[in-house]
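In case you want the letters, here they are:
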Amino acid sequence: MKKIIGFSAIALAVLSGCSNTASVSVAPQASLLSDTLVVSPNDNREYKTLKLANYIEVILVSDPGAEKSAAALSVGVGLLHDPMSQQGMAHYLEHMLFLGTDRYPDTKGYSDFMTKNGGAHNAYTWLDITNYMFKINNDAFDEGLDRFADFFKAPKLYPEYTDKEKNAVNAEWSMRREMDFFGQFKLARKMMGDHPANRFLIGNLETLGDKENSSLHKETVDFYNKYYSSNIMKVALISNLPIAEMEQKAQKYFADIKNKNIEKPTVTAKLDFDNAGGKRVFYAPNEDVKQLQLDFTIANNNSEFALKPNRFVAYLLSNEMPGSPAQLLRDKGWVSQLSASAAPNQYGNYGSLNVNVELTDEGMKNRDEIVATIMQYIDLIKKEGVDSKYFNEIRTSLNNQFKFLEKG
Ligand SMILES: [Zn+2]
């Protein structure tokens with residue numbers, strides 16, 4: 001019998017005090033979101049942003065000291081937009097794309113080229129984004145860009161490689177499903193009812209394949225044709241070249257990616273909090289952890305990022321000032337750590353604000369009281385509203401971080 005070595009309680013609720021924003025479509029304040037690029041005084045690289053004629057947004061970073069050049073291209077589509085007939089499609093397509101293009105048809109050509117030129121390439125698919133990237137020796141950047149950009153113009157999507165890539169995707173799925181992070185993430189999504197976030201992610205041999213009314217190859221081509229449009233792509237380039245030369249390269253390689261003028265895929269499904277919220281879930285983890293999580297589903301408030309509402313709430317919840325839950329519960333010997341953080345676009349139009357509590361053995365016996373203490377504190381935060389003293393503390397700390405930002 002499997003020994004249950006720990007529990008995790010997840011309470012799903014709306015933290016209404018956190019954001020007054022009902023939907024993500026609220027217009028950002030112009031003064032907060034300007035086109036001016038703000039760079040840390042600690043960063044002496046040169047930057048430029050531009051929008052090509054096909055609406056790709058580009059950011060260029062020129063660094064004469066860069067030892068390698070690199071590029072990334074993101075497409076604003078991901079697992080939330082998989083067809084239900086082929087779940088994992090966005091991820092599977094990400095694999096298929098690397099296999100060759102009209103001008104570079106060799107399936108191993110891209111990775112051989114990378115290896116020969118001190119390069120590395122990768123990609124990831126998440127709920128609302130698919131991101132491709134590579135880095136390479138400076139003298140091979142030009143050809144690297146040519147090969148890379150061609151994936152978004154004329155990929156082969158060879159049907160004869162379907163089995164190989166299906167298996168690669170399946171291998172990733174079987175590796176991840178053992179991880180507690182994915183188990184917990186799945187549980188949180190499971191409570192979201194009809195919302196698109198409550199679906200099978202990654203893909204495996206069962207979800208990807210030919211079915212009665214669905215051909216995997218045809219749906220792959222359809223998905224690419226539908227969503228791979230320049231107007232929902234963004235490009236980032238860094239190299240040792242001067243900005244003007246980088247701009248020419250951006251034009252040369254990315255301006256002819258086809259603009260299908262599509263609407264950026266979004267998620268608008270509303271959650272029914274009567275069903276989604278107020279749940280307590282017990283979860284037996286694979287790792288030896290004693291943990292309690294309070295998971296609040298919040299409206300996506302990314303448009304207010306410059307005001308840092310999530311940071312404010314998380315700061316108050318995690319701090320160890322006298323009278324705070326962290327201090328009280330630690331003094332009782334119940335918790336070893338209490339922290340809070342938010343991912344405001346975790347589920348597209350919703351996000352998550354999570355309070356994570358690492359428990360002691362004694363804490364395991366007093367979980368109800370721990371939850372009550374934290375909930376009382378949240379009530380207090382709601383009642384007191386925003387205290388400018390804490391807001392200024394956060395601002396000062398973020399300003400300092402930015403001022404001495406390490407070069408990434
Ligand atoms: Zn993968």
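Remember, it's a predicted structure, so these values are computed and weren't measured experimentally.

Undergrad: Honestly, the coordination of the zinc ion in this entry has me stumped. Any pointers?
TA: Expected angles at a metal are 109.5 degrees for tetrahedral coordination by four donors and either 90 or 180 degrees for octahedral coordination by six donors. Around the zinc ion, the protein supplies H91 (NE2), H95 (NE2), E172 (OE) and E172 (OE) as donor atoms, at distances of 2.1 to 2.5 Å. Classification of the site at the zinc ion as irregular follows from its four donor atoms and the range of 56 to 135° in their angles at the metal. By relative accessible area, E172 is classed as partly exposed at 23%.

Undergrad: Looking at this structure, I do not really get the pairing of strand β3 (residues 57-62). What am I missing?
TA: Strand residues, when the strand is regular, have side chains that alternate between the two faces of the sheet. When strand β2 (residues 46-51) meets β3, the two strands line up antiparallel, connected through six bridges. Each residue of the ladder has a partner; that of L50, found in β3, is V58. Hairpin geometry of β2 and β3 is characterised by an intervening segment of five residues between the two adjacent antiparallel strands and by a positive phi of about 75° at Y55. The pairing of β3 with strand β7 (residues 233-239) spans six bridges and is parallel. Of the residues in β7, the one forming a bridge with V61 is I238.

Undergrad: Could you clarify how one ought to interpret the environment of R177 in this entry?
TA: Residue placement: R177 occurs in the loop between α4 (162-176) and α5 (180-190). In this structure, the C-alpha to C-alpha distance between R177 and I202, residues 25 residues apart in sequence, is 9.9 Å.

Undergrad: I'm lost on the sheet that holds strand β4 (residues 68-75) in this one. Help?
TA: Sheet strands pair via backbone hydrogen bonds, and the direction of the pair is either parallel or antiparallel. Pairing is mixed in the open sheet, where six strands are placed in the order β2-β3-β7-β4-β6-β5. Strands with a single pairing partner mark the edges of an open sheet, and in this sheet they are β2 and β5 (120-125). For this sheet, the mean angle separating the axes of adjacent strands, direction not counted, is 10°. Helix α3 (residues 141-150) contacts β4, β6 (130-137) and β7 of the sheet and is inclined by roughly 155° relative to β6.

Undergrad: Can you help me understand α4 in this one?
TA: Along an α-helix, residues three or four positions apart point the same way, because every turn accommodates 3.6 residues. With 15 residues, α4 should reach 21 Å at 1.5 Å per residue; the first-to-last C-alpha distance of 21 Å fits that figure. Residues T162, E165, K166, V169 and N170 constitute the buried set of α4. Considered in projection along α4, the buried side chains sweep an arc of 140° and stay on one side of the axis. For α4, the elements touching its buried residues are α1 (89-97) and α6 (216-227).

Undergrad: Sorry, what's going on with the side chain of D146 here?
TA: Mapped onto the elements, D146 comes out in helix α3. Note on D146: relative accessible area 12%, which makes it buried. Here R103 takes part through its side chain, which lies 2.6 Å from a polar atom of the side chain of D146. Look past the residues within four positions of D146 in its chain and what remains in contact with it is R103, Y104 and Y253.

Thresholds applied
Residues numbered from 1 in each chain as written. Predicted model: local features only at pLDDT ≥ 70, side-chain atom pairs only at ≥ 80, totals over all residues. Heavy atoms only, no water. Donors = N, O, S within 2.8 Å, 3.2 Å for Na, K, Ca; no water. Tetrahedral: all angles 85-135°; square planar, octahedral: opposite > 155°, others 65-115°. Buried < 20%, exposed > 50% of the residue type's maximum accessible area, 1.4 Å probe, protein only. Pairing = 2+ DSSP bridges. Helix = DSSP H or I, 4+ residues; strand = E, 2+ residues; numbered from the N terminus. Axes fitted to C-alpha atoms, helices over the stretch in contact; angles between N-to-C directions. Contact = heavy atoms within 4.5 Å. Expected span 1.5 Å × (residues − 1). Arc of directions from axis to C-beta. Polar contact = N/O pair within 3.5 Å; in protein donor to acceptor, adjacent residues only side chain to side chain.

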